[in-house]
Amino acid sequence: MPQSLPTDHPTPLDQEAGPGLDTSPDTGLDSGLDVETDVDTGARPSGAPGEILLELVDDEGVTIGTAEKLWAHQQPGRLHRAFSVFLFDRQGRMLLQRRALGKYHSPGVWSNTCCGHPYPDEPPFVAAARRTAEELGVAPALLCEAGTVRYDLPDEASGLIEREWNHLFVGLVTAPVRPAPEEVDDYAFVTAEELRALEAERPFSVWFRTVFEAALPGIREIAGNSW
């Protein structure tokens, strides 16, 4: 963890928002439900024991079948549904995570708050809230849809490929982060300037810059134009 970016905790809920942070409910984005009480996290993949299935999609994002997770990421890759989450504290800082070293895909690199794959038939919003809680031990206080992005990004370090139809979400976090060590090696809340410095110094996931730029309009509605 860089000395200039110590692990921090979100600002308490009763503290005033910092400059540039828009906490108005009229964000122009499609806001989700209260994820702490209304999200059903009981969805589970079907298939062989221990097998994790993803939804395969066509070029329009329509589900066409399922595939085992690792197989879908092996060259030449299979286009599948995914999600990416960007959460901010009330000072307008983005929550980043450093992926655990034990992960088979992109271990030890920095990335956005949370990313992953819905189970078959699981709504992306539900999956995004579920995985954020599983990885970081916190439910978003606000979670809004911010569009989709499609990409084909090979990862030279692992030899895998990301061919994804990615659903983007932005929101707020107001509770302490309690990351699961098997998922997250470290985390940090950063400003836009600190993010640029960290990207120059440390490796990031191959998908981070693509999903960040695609989500930027929604990010600015939540966290201000400093982004």
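Structure first, text after, so check above.
In what follows, the accompanying structure is described. Please read all numbers here as calculations on a predicted model, not as lab measurements.

Quick notes on the environment of Arg 98
Among the structural elements, Arg 98 can be located in strand β5 (residues 94-99). By relative accessible area, Arg 98 is classed as partly exposed at 25%. Once you skip the residues sitting within four places of it in the chain, Arg 98 turns out to touch Gly 108, Val 109, Trp 110, Val 184, Asp 185 and Asp 186. Within the structure, Arg 98 has its side chain in polar contact with the backbone oxygen of Gly 108 (distance 3.0 Å).

Notes on the nonpolar core
Counting 30 residues, the largest nonpolar core has Phe 86, Phe 88, Met 94, Leu 96, Phe 212, Ile 219 and Trp 227 as its most contacted members. Mapped onto this core, the elements with two or more residues apiece are β4 (80-88), β5, β8 (142-155), β9 (160-172), β10 (184-190), α4 (192-201) and α5 (208-223). Of the residues forming this core, the biggest block, eight residues, is contributed by α5. Other than its neighbours up to four places away in sequence, Phe 212 contacts Phe 86, Met 94, Leu 195, Ile 219 and Trp 227.

Here's the deal with the layout of surface pockets
Counted as a void, the largest pocket has a volume near 470 Å³. The wall of the largest pocket is formed by 28 residues, among which Lys 69, Cys 115, Gly 116, His 117 and Arg 131 lie closest to the centre. Ranked by residues supplied to the lining of the largest pocket, first place goes to helix α3 (residues 124-136) with four residues. Residue composition of the lining of the largest pocket, grouped by class: 11 nonpolar, seven polar and 10 charged.

Rules used in this analysis
Within each chain, residue numbers correspond to sequence positions counted from 1 in written order. With the structure being a predicted model, the display of local features is reserved for residues of pLDDT at least 70 and the display and counting of side-chain atom pairs for 80 or more, all residues being used for whole-chain, interface and lining totals. To obtain the side-chain values, all non-hydrogen atoms of the structure were included, while hydrogens and water were left out. Numbering of helices and strands starts at the N terminus; helices are DSSP runs of H or I of at least 4 residues and strands are runs of E of at least 2. The classification of residues rests on relative accessible area computed with a 1.4 Å probe and restricted to protein chains. Under 20% of the type maximum is buried, over 50% is exposed, and intermediate values are partly exposed. Here, residues are in contact when the closest pair of their heavy atoms is within 4.5 Å. Think of a polar contact as two N or O atoms within 3.5 Å of one another; within protein, one of them needs to be a possible hydrogen donor and the other a possible acceptor, and neighboring residues in sequence only count if both atoms come from side chains. In plain words, nonpolar cores are sets of buried Ala, Val, Leu, Ile, Met, Phe, Trp, Tyr and Cys residues tied together by side-chain atoms within 4.5 Å. A cavity, in this analysis, means grid points on a 1 Å lattice covering only the protein atoms where a 1.4 Å probe fits yet has no way out; a pocket is instead an open set bounded by protein on both sides within 12 Å along at least five of seven lines, and a residue lines either one if it has an atom within 4 Å of a point. Grid points are joined across faces, edges and corners, and a volume is the space filled by probe spheres set on the points. Think of it as three bins: nonpolar holds Ala, Val, Leu, Ile, Met, Phe, Trp, Tyr, Cys and Pro, charged holds Asp, Glu, Lys and Arg, and polar takes everything else, Gly as well.

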